[in-house]
Amino acid sequence: MAPAGKVTGFYREGDDWFCNASLVSDVTLVVDGVNFHLHKFPLMSRCGRIAKILEAAQGPPEGTLLTTLEDFPGGSDIFLVAVKFCYSIRVEYTPRNIVMIYCAADYLEMTEEYGEDNLLLKADAYFHKNTIRNWKDCILALQTCDPVIPRADKLEIISKCLNALSVMVCTDPSLFGWPMLMYGSLQSPGGSILWNGINTGARIQTTESDWWFEDISYLSVPLFQRLIQTMEARGIRHENLAGAMMYYCRKYLPGLGRWQSGQSGKTRTVASFSMTPAAVDQKVLLESVVKLLPELKGKSFCRFLLGLLRVALILGVNHTCQDSLERRIGMQLDLASLDGLLIPSYSDSDTLYHTDCVERMIHHFISSEPGVAATPVPSSFEIGTSPSSHPLRRVAKLVDSYIAEVASDVNLKPGKIRSLAEALPESSRSLHDGLYRAIDIYFKAHPWLSDKEKEQLCNIINFQKLSIDACAHASQNDRLPLRVVLQVLFFEQLQLRTALAGCLHVLDTESAPAAPLTVTGPSDVAGQVVQRDGWVTVVRENQGLKVDLERMKSRVGELEEEFSKIKQEMRKVTKSHSYLSSPRFLARKIGCKLLPQSSDTQPDVVESTGPTPRSSIEQPRNSRHRKSSSLF
């Protein structure tokens, strides 16, 4: 009931509010430094708390009572709404003020005991009939709960909103035309966008399961955390929950968004245009999300975890959060990428990259893979035949590439290279070419290392597992110690002998007559197929060489026949012209007189088919002491 004289409204002068009434105010209430000059009767008839305060106050009966209301929900603006309700002035309820009005009514004890259809009942009715039935209004109501979370929890406002959102997410949007409720009057029941009530024909896509990611990203960290927990209890898939958390983190962690190459560019919904982003503490956000993340595996999820670890090292999160991220990444290290592992060192360390973090992740991977340490070293024929060894081999290849990338850091110690390489078991590497390349890069970037330090690093390389190309490179590498080069040469020769023996064995097997057909088991057949496929390239090359050799033999035979014919023709020509070509005939023709030859004089023409090695060697020596009897 209003005081004498109708109240048409309120007006403000500075920090004071007055009502347009004929009676002078007899009570002044102070809320957040703002003075409200009011009347006792309308307040006491609606507000139980003010009634108790005024009854307990002792002052002059005809004076003005001054009372301060501490920690009033919503501040002076919401108190003005409650005061207007007490003076029977119409109050407008919206999703943005309903939570504060609800809490203010509870604070002032505006229950049915102090009047029918009191403010608490009105706020409760609007909240249940309008707010929690509409997706957008529910989000807006939750956004206003942050200053009054304890009282909102007492009134079960937050829990009801979270449950309502969880139900809407679980429900198929196509059943109810969702997100029809989300967009209010902008969408028709058939799903088309309306403009002034006219169907435009444009339709809103509602088939995506992640349509709600953008809207819930406007909630604060505590409410977002509670919403995810409520959805998990409701039975929403972990993949969808992880996607919502990844979207939320990319929105409020700029460093993560830049590293993820702008993967958070999802189109904004119609509802999100009326929302304001939440004020988020990045460190609190990261530590909260890490606790909520489900145990999932995948390349994109692993990349997201590596991005979180980068940001966590920058923000300086607690040890529990960092250890949890390293453990999660280590369990799926075979899905990580090299650029993701290259985490810069943000501390006072001299090294460029955070190698200790990567080493711990390797140990987590080894501990998560059962029986890795006890796995025997497979032979060359068994490489890639065991599916369980694929993750371990991928991690070994990744670690070798990582060592090669960080090896150029001049401040990186040899012990760190050794510990990174030895973190994986011997069976993880079928070839040590990648490890040799990484060590060679380290030697090139650290030319001041002693031979002893180089030999200690080279001890982690199994030279029996180097390919022929790697052995050829290592045998000519002047950066390696001499002892290591000799060891490489020894194993290179051993590999060549083994390969040659294998080739000859395969050739003998092919040339041998076909053996009688015998029945073999599946394992024997598989072994034969693997062995056959292992040497198929060598066999083809040998067949090509055999064909070339046969062609060469035939050509050599043809050349020999031609050469024998030429020799026969030369003998005939030599006999017919023996007199003309003799030295005596030539000397007589030019008027010279020769001495008679002794009985042991050698004939002028030697008919040997070719010089002997001995004569070819001694011929220059004899020419020094005697003159030739011929002009030729």
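Reading guide: rules and limits
- Residues numbered from 1 in each chain as written.
- Predicted model: local features only at pLDDT ≥ 70, side-chain atom pairs only at ≥ 80, totals over all residues.
- Heavy atoms only, no water.
- Helix = DSSP H or I, 4+ residues; strand = E, 2+ residues; numbered from the N terminus.
- Pairing = 2+ DSSP bridges.
- Axes fitted to C-alpha atoms, helices over the stretch in contact; angles between N-to-C directions.
- Contact = heavy atoms within 4.5 Å.
- Buried < 20%, exposed > 50% of the residue type's maximum accessible area, 1.4 Å probe, protein only.
- Arc of directions from axis to C-beta.
- Expected span 1.5 Å × (residues − 1).
- Salt bridge = Lys/Arg side-chain N within 4 Å of Asp/Glu carboxyl O.
- pLDDT = per-residue confidence, 0-100.
- Patch = residues over 30% accessible without salt bridge, like charges linked within 9 Å, V, L, I, M, F, W, Y side chains within 5 Å.
- Areas by Shrake-Rupley, 256 points an atom, 1.4 Å probe, with all protein chains shown as cover.
- Core = buried A, V, L, I, M, F, W, Y, C linked by side-chain atoms within 4.5 Å.
- Phe/Tyr/Trp six-rings, centres within 6.5 Å; stacked < 30°, edge-to-face > 60°.
- Lys NZ or Arg CZ within 6 Å of the ring centre and 35° of its normal.

**Student:** What's the story with the environment of K154 in this structure? I'm lost.
**Tutor:** Secondary-structure assignment places K154 in helix α7 (residues 149-154). With 51 residues separating them along the chain, K154 and C103 place their C-alpha atoms 9.5 Å apart.

**Student:** What should I look at first to understand the sheet that holds strand β5 (residues 65-68) in this one?
**Tutor:** Working definition: the strands of a sheet are paired by backbone hydrogen bonds and lie parallel or antiparallel to each other. Ordered in space as β1-β2-β4-β3-β5, the five strands form an open sheet in which the pairing is mixed. Each edge of the open sheet carries a strand with a single partner, namely β1 (10-13) and β5. When the angles between neighbouring strand axes are averaged without regard to direction, this sheet yields 25°. Together, β1, β2 (16-19), β3 (27-31) and β4 (34-38) form the strand contacts of helix α3 (residues 75-86), whose direction differs from that of β4 by roughly 10°.

**Student:** Any chance you could explain the environment of I78 here in plain terms?
**Tutor:** Considering the arrangement of structural elements, one finds I78 in helix α3. Spatially, the C-alpha atoms of I78 and Y102 are 9.9 Å apart, while their sequence positions differ by 24 residues. Those residues in contact with I78 that lie beyond four places of it in its chain are F72, P73, N97, M100, I101 and A104.

**Student:** Looking at this structure, I do not really get helix α21 (residues 414-421). What am I missing?
**Tutor:** A turn of α-helix holds 3.6 residues, and therefore any two residues three or four places apart point the same way. Those residues of α21 that fall on the buried side of the exposure criterion are K416, I417, L420 and A421. Down the axis of α21, the smallest arc covering the buried residues is 130°, so these residues share one side. Among the structural elements, α19 (355-368), α20 (390-406), α22 (433-445) and α23 (451-458) are those in contact with the buried residues of α21.

**Student:** Just to check I follow, could you spell out helix α8 (residues 157-170) for this structure?
**Tutor:** A rise of 1.5 Å per residue sets the reference length of α8, with its 14 residues, at 20 Å; its end C-alpha atoms lie 20 Å apart and thus fit the reference within 8%. Listed in full, the buried residues belonging to α8 are I157, I158, C161, L162, A164, L165, S166, M168 and V169. On its buried face, α8 sits against α4 (98-107), α5 (119-131), α6 (135-143), α7 and α12 (221-234).

**Student:** Just checking my understanding: could you explain the pattern of salt bridges for this structure?
**Tutor:** Oppositely charged side chains can pair when the atoms bearing their charge come close. Scanning the entire structure with this criterion turns up 19 salt bridges. The partner of D339 in a salt bridge is R303, with the nearest N and O atoms 3.5 Å apart. Residue D339 is located in helix α18 (residues 338-341), and its partner R303 is located in helix α16 (residues 299-315); the two are separated by 36 residues in the primary sequence. By relative accessible area, D339 is classed as partly exposed at 38%. One salt bridge connects R418 with E422, and the closest N-O pair in it is separated by 3.2 Å. Its relative accessible area of 29% is what places R418 among the partly exposed residues. Overall, E422 belongs to the partly exposed group, its relative accessible area being 45%. Here the salt bridges do not stand alone but share partners, grouping D106, R151 and K154 into one network.

**Student:** Would you mind showing me how to read the confidence of the model for the protein chain here?
**Tutor:** Detailed reading of the predicted coordinates is not advisable wherever pLDDT falls low. Summing up the model confidence of the protein chain, the mean pLDDT is 77 and the portion of residues at 70 or higher is 70%. Summarising per-element confidence for the protein chain, the mean pLDDT is lowest in helix α29 (residues 613-623) (40) and highest in α4 (96). Every residue in residues 594-632 is under pLDDT 50, and counting partners more than four places away or in other chains gives 14 contacts.

**Student:** I tried to follow a nonpolar patch on the surface on my own but got confused; where do I start?
**Tutor:** A contiguous nonpolar surface patch, about 300 Å² in accessible area, is contributed by L482, L486 and L489. Relative to the helices and strands, L489 resides in helix α25 (residues 482-511). Given a relative accessible area of 34%, L489 falls into the partly exposed group.

**Student:** How should the pairing of β5 be read in this particular structure?
**Tutor:** Remember that side chains alternate between the two faces of the sheet whenever the strand is regular. Side-chain alternation along β5 places L65 and T67 on a buried face and L66 and T68 on a face that remains uncovered. Bridging between β3 and β5 involves four bridges; their strand directions are parallel. Across the sheet, V30 pairs through a bridge with T68, a residue of β5.

**Student:** Could you clarify how one ought to interpret unusual backbone geometry in this entry?
**Tutor:** For residues besides glycine, phi is generally negative; the peptide bonds are generally trans as well. A positive phi angle, near 50°, is found at D32, a position not held by glycine. Located in the positive-phi region is E156, a residue other than glycine, with phi close to 60°. Judged by relative accessible area, E156 falls into the partly exposed class, the value being 44%.

**Student:** Sorry, what's going on with the nonpolar core here?
**Tutor:** In summary, soluble globular proteins display a tendency toward joint burial of nonpolar side chains. L38, F79, L108, I157 and L286 are the most contacted members of the largest nonpolar core, which totals 156 residues. Counting residues per element, this core draws most heavily on α16, which supplies 10 residues. Residue contacts for L286: discarding those within four places in its chain leaves L253, L308, V311, A312, L315, V317, C321 and L325.

**Student:** Looking at this structure, I do not really get the side chain of T67. What am I missing?
**Tutor:** Looking at where T67 falls in the secondary structure, it is placed in strand β5. The exposure class assigned to T67 is buried, which follows from its relative accessible area of 12%. Residues within four places of T67 in sequence aside, it is in contact with T28, L29, V30 and I53.

**Student:** Looking at this structure, I do not really get the packing of aromatic side chains. What am I missing?
**Tutor:** Two descriptors summarise a pair of aromatic rings, namely the distance from one centre to the other and the angle between the planes of the rings. According to the stated counting rule, one finds 13 aromatic pairs in the structure shown. Seen in terms of ring centroids, F301 and F304 are 6.4 Å apart; in terms of plane orientation they differ by 35°. Their pairing is tilted. Of this pair, F301 and F304 are both found in helix α16, three residues apart, which corresponds to roughly one turn of the helix. An identical accessibility class is assigned to F301 and F304; each is buried. In this structure an aromatic cluster arises from ring pairing among F36, F72, F79 and Y107. The ring centre of Y107 lies 4.1 Å from the NZ or CZ of R49, which sits over that ring.

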